[in-house]
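Coordinate analysis (summary)
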Amino acid sequence: SRAFLALAFLGRTSPPPSGRLERAALACTLQGPASCAPAGPGSIEFTKEEAKHTNEMRLDSLSFIIAGVCAFLALALSIAQIAVHLANYKRPSLQRLVVRILLMVPIYAVDSWLSLRFKGISHYLDFARDTYEAFVIYTFLMLLLEFLKHYDDDVSSGVDKVFEGRAPLAHPWPFRRCFPPITLDRSFLDSCVRGTLQYSLIKPITALCAMILESVGLYDVGSFSPGRGYLYISLIDNVSVFFALYYLILFYLATRHALTPFRPLGKFIVIKSVIFFSFWQGFIISALVSLGTIQDVGEWTADEVATGLQNFLICIEMLFAAIAHRYVFSFEEFATTSLMAHPDARRAKIEFPALYRNFRDVMSVRDVYLDTKMHFGRQRSSRPSRSGSEALLSESQKSDAGGMI
């Protein structure tokens, strides 16, 4: 373990302040704390400042290794599960969305671990993570809509059957005291789709603005000064993610009984906890920087400490998320061509040509384009039509059938 610590120390992007300190830190790492204390003539004598700096570097290396181990395990678990889904690609319209959700763990884990290693460009690396976070919220809503096709092949007709005879839906507390109950109809479905899709459009824009402001020194993570961009971007992100998650909650409350056969609660809890928790976790850490609770540590500024802490925690959390995904997004649930049929737990043989073909189908985002055009286009009808994923499936039904194993 000391050898690994030494390698991690030597691989740091920031050089130590002196060759003497580097040799002393390396000796401490390889030989243990005893080598850090003076032992007689010719031994390395530490000043209090140098000893403190050495301990900081050892802690930095140790946290980097712990985060790396968690990220690697999360990556391995997720890749294995994604491969099984692609090999048993019997419900393309559903598994296309499931695999996109499962990709969240590898993207989060790898991005956060690399951000720890290359702290100078962590804000640029986090752009991909922030963008995919918004995409996952929208994807999960599309997955719930696809589940409703059990009641009718057309999503809107299926929603009509689910909402038929239902009383208006009361808002969750405390909003029910301020807003009247919601009439459950197609316009409610349209509002839910737009409410979640807006975050998928706004979040990449704010992440890009944050990246640009950071490059010119005007972002300043944790600063709520009116002269810094962090205040305004955080405000926009908070409002946008609130509406996205709130509409997702409303849709779940309105359809939870109809979706019961598909066990949506576990899926909903995992998705919401990962995205919501990581978002507010980062916001709280930034607030601690603003309050002065998180300060400079060694060569790390307070902003870098906050970013590093967020990335370290995400690496650990993604391991637990990967384990949870294996239960709530198990391939057995989609192992038949019928949603309600008894699942077939037999796994198909993993063949790389089939994996590649099915993964290409997953990475096609034409359904997202169709949904965006339908719900935000100039000619959007007041009566919702088919969802983007449903339209995509009808247009490429033959291609999907060819992608099945």
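Attention now moves to the overall build of the chain. Broken down by element type, the chain carries 15 helices and 0 strands. By the burial criterion, 49% of the 405 residues in the chain qualify as buried. For the chain, the share of sequence-separated contacts (at least 6 apart) that also reach a separation of at least 24 residues comes to 76%.

For the rest of this paragraph, the subject is the packing of aromatic side chains. For the structure on display, the rule yields 12 aromatic pairs. An aromatic cluster is built from Phe175, Phe242, Phe243 and Tyr246, whose rings are joined through pairwise contacts. Positioned above the aromatic ring of Phe118, the side-chain terminus of Arg117 is 5.1 Å from the ring centre.

Two elements in contact, helix H6 (residues 122-147) and helix H8 (residues 186-215), have axes whose closest approach is 9 Å; the angle formed by their N-to-C orientations is 175°. The angle between H6 and H8 places the two elements in the roughly antiparallel class. Across the contact of H6 with H8, the residue classes tally to 18 nonpolar, 5 polar and 4 charged.

This structure, assessed with the given rule, holds 6 salt bridges. The closest approach of N and O atoms between Lys203 and Asp237, which form a salt bridge, is 3.1 Å. Taken together, the residues span a long stretch of sequence, with Lys203 in helix H8 and Asp237 in helix H9 (residues 229-255) at a distance of 34 residues. Considered together, Lys203 and Asp237 belong to a single accessibility category, that of buried residues. Counted as one network, the salt bridges with shared partners bring together Arg263, Lys267 and Glu333.

Let's shift gears to the nonpolar core. Counting 79 residues, the largest nonpolar core has Leu143, Phe188 and Met318 as the members making the most contacts within it. A total of 13 residues in this core trace back to one element, the largest contributor, which is H6. Sequence-distant contacts of Leu143, that is, excluding residues within four places in its chain, are made with Leu94, Leu97, Val98, Ile101 and Phe329.

On to the side chain of His171, then. The residue His171 is located in the loop between helix H7 (155-163) and H8 in this model. Within polar-contact distance, the side chain of His171 engages the backbone oxygen of Pro180 at 3.5 Å. Leave out the neighbours within four places in its chain, and His171 touches Arg176, Phe179, Pro180, Ile182, Tyr246 and Leu250.

Turning our attention to the side chain of Asp130. Checked against the element boundaries, Asp130 lands in helix H6. Despite its burial, Asp130 pairs with no opposite charge; the closest candidate is Arg129, at 4.2 Å N-O. Residue contacts for Asp130: discarding those within four places in its chain leaves Lys203 and Ala207.

Here helix H5 (residues 104-117) is 14 residues long and its end C-alpha atoms lie 20 Å apart, about the 20 Å a rise of 1.5 Å per residue gives. Those residues of H5 not exposed but buried are Met104, Val105, Pro106, Tyr108, Ala109, Asp111, Ser112, Ser115 and Leu116.

Residues Leu235, Val239, Phe242 and Phe243 make up a contiguous nonpolar surface patch of roughly 370 Å² in combined accessible area. One can find Leu235 in helix H9.

For the bond from Trp173 to Pro174, the omega torsion is 10°, close enough to zero to count as cis. Along the chain, the position of Pro174 falls in the loop between H7 and H8. Phi angles above zero are rare outside glycine, and Arg263 is one such case at about 50°. Looking at the element boundaries, Arg263 is found in the loop between H9 and helix H10 (264-291). Arg263 gets classed as partly exposed once you look at its relative accessible area, which sits at 49%.

Here the focus is empty space enclosed by the protein. Scanning all chains against the criterion turns up 2 cavities of 30 Å³ or more. Reported here for the largest cavity is a volume of approximately 600 Å³. Considering the residues around the largest cavity, the lining is formed by 31 residues, among which Arg129, Asp130, Lys203, Tyr219 and Tyr230 are closest to the centre. Among the secondary structure elements, those contributing two or more residues to the lining of the largest cavity are H6, H8, H9, H10 and helix H11 (302-328). Here the lining of the largest cavity is composed, by residue class, of 14 nonpolar, 10 polar and 7 charged.

Before going further, it helps to examine the confidence of the model for the chain. A residue-level look at the chain finds 71% of positions with pLDDT of 70 or above and a mean pLDDT of 75. Contacts of residues 378-386 to residues separated by more than four positions or lying in other chains number 14 contacts, the stretch itself having pLDDT below 50. Taken together, the stretch residues 391-405 has pLDDT below 50 and engages in 29 contacts with residues farther than four places along the chain or on a different chain.

What follows deals with the environment of Leu86. Within the element layout of this structure, Leu86 appears in helix H3 (residues 48-87). Taking the C-alpha atoms as reference, Leu86 lies 9.7 Å from Phe352; in sequence the two are 266 residues apart.

The subject of this paragraph is the environment of Ser112. As for its placement among the helices and strands, Ser112 is situated in helix H5. Measuring from C-alpha to C-alpha, the distance between Ser112 and Gly68 comes to 9.4 Å, with 44 residues separating the pair along the chain. Not counting chain neighbours up to four residues away, the residues in contact with Ser112 comprise Arg129, Asn311, Ile314 and Cys315. Looking at Ser112, its side chain comes within polar contact range of the main-chain oxygen of Tyr108, at 2.8 Å.

So, how was this worked out
- Residues numbered from 1 in each chain as written.
- Predicted model: local features only at pLDDT ≥ 70, side-chain atom pairs only at ≥ 80, totals over all residues.
- Heavy atoms only, no water.
- Helix = DSSP H or I, 4+ residues; strand = E, 2+ residues; numbered from the N terminus.
- Buried < 20%, exposed > 50% of the residue type's maximum accessible area, 1.4 Å probe, protein only.
- Contact = heavy atoms within 4.5 Å.
- Phe/Tyr/Trp six-rings, centres within 6.5 Å; stacked < 30°, edge-to-face > 60°.
- Lys NZ or Arg CZ within 6 Å of the ring centre and 35° of its normal.
- Axes fitted to C-alpha atoms, helices over the stretch in contact; angles between N-to-C directions.
- Parallel < 35°, antiparallel > 145°, perpendicular 65-115°, else oblique.
- Nonpolar A, V, L, I, M, F, W, Y, C, P; charged D, E, K, R; others polar.
- Salt bridge = Lys/Arg side-chain N within 4 Å of Asp/Glu carboxyl O.
- Core = buried A, V, L, I, M, F, W, Y, C linked by side-chain atoms within 4.5 Å.
- Polar contact = N/O pair within 3.5 Å; in protein donor to acceptor, adjacent residues only side chain to side chain.
- Lys, Arg positive; Asp, Glu negative; His and termini not counted.
- Expected span 1.5 Å × (residues − 1).
- Patch = residues over 30% accessible without salt bridge, like charges linked within 9 Å, V, L, I, M, F, W, Y side chains within 5 Å.
- Areas by Shrake-Rupley, 256 points an atom, 1.4 Å probe, with all protein chains shown as cover.
- 1 Å grid on protein atoms, 1.4 Å probe; cavity = no way out; pocket = protein on both sides within 12 Å on 5 of 7 lines; lining within 4 Å.
- Points joined across faces, edges and corners; volume = space filled by probe spheres on them.
- pLDDT = per-residue confidence, 0-100.

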